[in-house]
Amino acid sequence: TVEGYRRAGFTTALMAPSAGMLRGRSVLANLGDGGMSHNLLRRDVAQHAHLHERSPDGSYPQSLMGAVALFRQTLLDAAWQQRARSAWQADPAQARPDWLHGMDALAPVLAGDQPLVFESKDVLDSLRILDLVDAETDLVLIGNGEEYKRLGDFDRKVPHILPLDFPGAPDVESEEDGAGNGENSGGDQNRDVSLEELRHWKNAPENPVRMAAAGFPVLFTAHGQSDPADLFAQVARSIEHGLDSDVALAALTTGPAEWLGIADRAGRVAEGYMANLVLVEGDLFAEKPTISEVWVDGHRFELAKLTPPEVDPAGT
């Protein structure tokens, strides 16, 4: 909810449809009171896509191969419509081409004027999308945390919006049976954990570090997490694994503002910018940061009352 993200310290959100393969266009809005009419910043920010959506009524597509084919054909149809209508407008004496419903919405993507934000399921999905979408398209990937496994195979360094949902330590203890005995007479037995699972648990917090070092533009998102406030603890884990704290802060502030086209009024504390502020006691990148206030468009939302110090730290 809007209030949940605001309590977690977020002041602005990119909101996109959540269903369909080509899901539609997103809007950018502040998270203040008053609904969209008071908070809208930009419409038609990006087109969003996902290859793993399946038709709920059992129709086409029902497989990854079908989704790839349908996506490719849809973009080809949209490009054909643009060329056909341009040719007809130049020479109206020829037969007027059929109009394909919905294809005009993809024209800005085909022209490179609007980003295509593609959600990736795993690292193989990322490589599949890079192969599917041509280099002229302004492609942005919503990452999956496995990019570090195949960074050398990425043929271009597109921006990545990274969820930071790192895995917890694998549970190597087996559960006892109903009688309270282990599986064998020797007591509790260890659970088999694959080497790949252990490697990912160890390396996942380094994924943002490796991507930033390799020159990928990296932005952070709370997308996909049950509680958006958990993001800061995950950022802290990446910092412990070598991520520069300034790079981490930029991935939540100036980086998104630049990508979203609002860097002239958001992402910094500066004169003339929106008064979107987060006040925190101590460090923001901590297991459970104490966020005391969030300001959206100059409106204050008090989250936690702080006890003033007994001695004025300002002195005289």
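Quick summary incoming for the structure in this document. (Residues numbered from 1 in each chain as written. Predicted model: local features only at pLDDT ≥ 70, side-chain atom pairs only at ≥ 80, totals over all residues. Heavy atoms only, no water.)

### Points about the pattern of salt bridges
This is how it is decided: Only one rule defines a salt bridge in this text: a Lys or Arg side-chain nitrogen within 4 Å of an Asp or Glu carboxyl oxygen. Each helix is a run of H or I in the DSSP string that is no shorter than four residues. Each strand is a run of E no shorter than two, and both are numbered from the N terminus. Burial status follows relative accessibility: with a 1.4 Å probe on protein chains alone, a residue under 20% of its type maximum counts as buried, one over 50% as exposed, and anything between as partly exposed.
With the rule as written, the count across this model stands at 13 salt bridges. Residue Asp-33 pairs with Arg-6 through a salt bridge whose shortest N-O separation is 3.5 Å. Separated by 27 residues along the polypeptide, Asp-33 in the loop between strand S3 (27–30) and helix H2 (36–39) and Arg-6 in helix H1 (residues 2–7) bring together distant segments of the chain. Judged by relative accessible area, which is 9%, Arg-6 ranks as buried. One salt bridge in this structure joins Arg-25 and Asp-44, with 3.7 Å as the shortest N-O distance. Remark: Asp-44 occurs in the loop between strand S4 (40–42) and strand S5 (47–50) and Arg-25 occurs in strand S2 (residues 22–25); sequence separation between them is 19 residues. Exposure remark for Asp-44: the relative accessible area of 32% places this residue in the partly exposed category. Salt bridges linked by common partners bring Arg-23, Glu-53 and Glu-119 together as one network.

### Topic: the pairing of strand S9 (residues 218–221)
Using the following cut-off: Pairing between strands is defined by DSSP: at least two bridges between the two strands are required.
Residues Val-218 and Phe-220 point to one face of S9 and Leu-219 and Thr-221 to the other, with burial holding for every one of them. Here strand S8 (residues 160–163) pairs with S9 via 4 bridges, running parallel. Bridge pairing in S9 links His-160 to Val-218.

### What to know about the nonpolar core
Applicable threshold: Residues grouped as a nonpolar core are buried Ala, Val, Leu, Ile, Met, Phe, Trp, Tyr and Cys residues, joined through side-chain atoms within 4.5 Å. We call two residues in contact when some of their heavy atoms are within 4.5 Å.
Judged by nonpolar contacts, the single largest core of 52 residues is most densely connected at Phe-71, Leu-116, Phe-118, Leu-139 and Phe-220. Elements supplying a minimum of two residues to this core: helix H3 (64–90), strand S6 (116–119), helix H5 (123–132), strand S7 (139–142), helix H7 (207–213), S9, helix H8 (231–240) and strand S11 (290–296). In this structure, Phe-71 is in contact with Met-21, Leu-22, Ala-49, Leu-51, Leu-116, Phe-118, Leu-132 and Val-133, ignoring residues within four places of it in sequence.

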